[in-house]
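Remarks on the overall topology
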Amino acid sequence: MAIEGNFKQISPLLLEVVIQDLYVLELYLAAKETLEIEEIEYLFTYLEYQGFDDILDNILANDVWKIGRLDIDIHWHAMHYLLTENSSSWEECNLPFVVTKEENKNCLLINGVMGGQPIQETIGNMNFAPVKYLTQNETQEISEALHQISKKEFEFRYIEACKLNLNIYKALWDEDYEDYWYWFRCIAKYYEIAAEKERAMLLYLGCFHGIDFEWEDLSII
């Protein structure tokens, strides 16, 4: 079974809740276009009991849960390297930046695939690896940086990476450059939408086919 990389936009208020509560996080990651009425009724009571009663209307709004997940399949580790020049594993990745400039190559390093802070409740509790999150401001910063990378620069990054024979989950050369360029555009567009809607971001590994719904932008194809 392949391990897939996933992104899911989240409202800043709901992010505050899922950081503290694994039950709500798991419910959100598996949410379909809308929660069932019974789930909403129980969640209302549950969150009220947990002390979130002052923000219930905002975090239970239908459009807060009606957000599709971007799945970049097995390409998450390779995409992380192409954007950061770092090949550490998901658990070990602890880069001290969200976006920084590599002065020697005059290029941006963007920690938008495996970056952010791990949600402590998910360490040891998820099937594959901890869920990480980026704040609204970090999501905005990454979106702006991604849009500064041209197709020519991205191709150069890919060619250079292929020469290094890196220890990457699913080798870069298993697919050609155009495939990675497609995934890059998906990531950039997904971050752009999140920034426009003033959302934060969840980053996580797993296989979720059939239990939620995915984001798709046909203009990218």
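Scroll up to find the structure.
This write-up is about the structure you can find in this document. Remember, predicted model here, so these are calculated numbers, not experimental data. Going along each chain's sequence as written, the residues are numbered from 1 onward. With the structure being a predicted model, the display of local features is reserved for residues of pLDDT at least 70 and the display and counting of side-chain atom pairs for 80 or more, all residues being used for whole-chain, interface and lining totals. Hydrogens and water molecules were not included; the side-chain quantities draw on all heavy atoms of the structure.

**With respect to the overall build of the chain**
Scanning the chain from terminus to terminus reveals 9 helices and 7 strands. In this description, contact between two residues means that some pair of their heavy atoms is separated by no more than 4.5 Å. Within the chain, residue pairs in contact and separated by at least 24 positions form 73% of the contacts whose partners lie at least 6 positions apart. Surface accessibility of the chain: about 11,100 Å² in total, with carbon and sulfur atoms responsible for 47%. By definition, any uninterrupted DSSP run of H or I lasting at least four residues is a helix, any uninterrupted run of E lasting at least two residues is a strand, and each is numbered from the N terminus. Residue exposure ignores everything except the shown protein chains as possible cover, and the areas themselves are Shrake-Rupley values with a 1.4 Å probe.

**Thoughts on the sheet that holds strand S5 (residues 117–118)**
Judged by pairing direction, the sheet is antiparallel, and its 5 strands sit side by side in the order S2-S1-S7-S6-S5 without closing on themselves. In this open sheet, the two edge strands, each paired with only one partner strand, are strand S2 (69–71) and S5. With 3 bridges joining them, strand S1 (residues 4–10) and S2 adopt antiparallel strand pairing. Each bridged residue has a counterpart across the sheet, and for Asn6 the counterpart in S2 is Asp71. Packing of helix H7 (residues 136–146) onto the sheet brings it into contact with strand S6 (132–134) and strand S7 (200–206), and relative to S6 it is tilted by some 75 degrees. Should DSSP find at least two bridges between two strands, the strands are regarded as paired. Helix axes are fitted only over the stretch in contact, all axes being lines through C-alpha atoms; the angle between N-to-C directions runs from 0 to 180 degrees.

**With respect to the pairing of S1**
For S1, the tally of buried residues reaches 7 of 7 residues, placing the bulk of the element in the interior. Burial classes: relative accessible area under 20% of the type maximum marks a residue as buried, over 50% as exposed, and values in between as partly exposed (1.4 Å probe, protein chains only). Here S1 shows no split at all, with Glu4, Asn6, Lys8 and Ile10 on one side and Gly5, Phe7 and Gln9 on the other all buried. Direction of pairing for S1 relative to S7: antiparallel, over a ladder of 7 bridges. Looking across to S7, one finds that Glu4 is bridged to Gly206.

**A few points about the environment of Gln50**
With respect to the helices and strands, the residue Gln50 is situated in the loop between helix H3 (37–49) and helix H4 (56–59). When the C-alpha positions of Gln50 and Asp21 are compared, they lie 9.2 Å apart, and in sequence the two are 29 residues distant.

**Quick notes on the packing of aromatic side chains**
Where two aromatic rings form a pair, the distance of their centres and the angle of their planes describe that pair. Put simply, two rings from Phe, Tyr or Trp (the six-membered ring, in Trp's case) pair if the centres are within 6.5 Å, and we call them stacked under 30 degrees between planes, edge-to-face over 60, tilted for the rest. On inspection of all chains with the given rule, the structure shows 13 aromatic pairs. Taken together, the ring pairs in this structure connect Phe154, Tyr158, Tyr177, Tyr180, Trp181 and Phe184 into an aromatic cluster. Our definition puts a charge over a ring when NZ of Lys or CZ of Arg is within 6 Å of the ring centre and also within 35 degrees of the ring normal. Sitting over the face of the ring of Tyr28, Lys8 holds its NZ or CZ atom 4.4 Å from the ring centroid.

**Focus on H7**
Along H7, the residues that are buried comprise Thr139, Ile142, Ser143, Ala145 and Leu146. Mapping the buried residues of H7 onto a view down its axis gives an arc of 165 degrees, with all of them on the same face. Elements that come into contact with the buried residues of H7 comprise helix H6 (76–84), strand S3 (99–102), strand S4 (107–110), S6, helix H9 (177–196) and S7. The reported arc concerns the directions from the helix axis to the C-beta atoms and nothing else.

**Brief notes about unusual backbone geometry**
Despite not being glycine, Asp73 has its phi angle at roughly 60 degrees, a positive value. The phi torsion at Glu198 lies on the positive side, around 55 degrees, for a residue other than glycine. By the element assignment, Glu198 lies in the loop between H9 and S7. A relative accessible area of 52% places Glu198 in the exposed class.

Distances and angles like these do not, on their own, reveal function.
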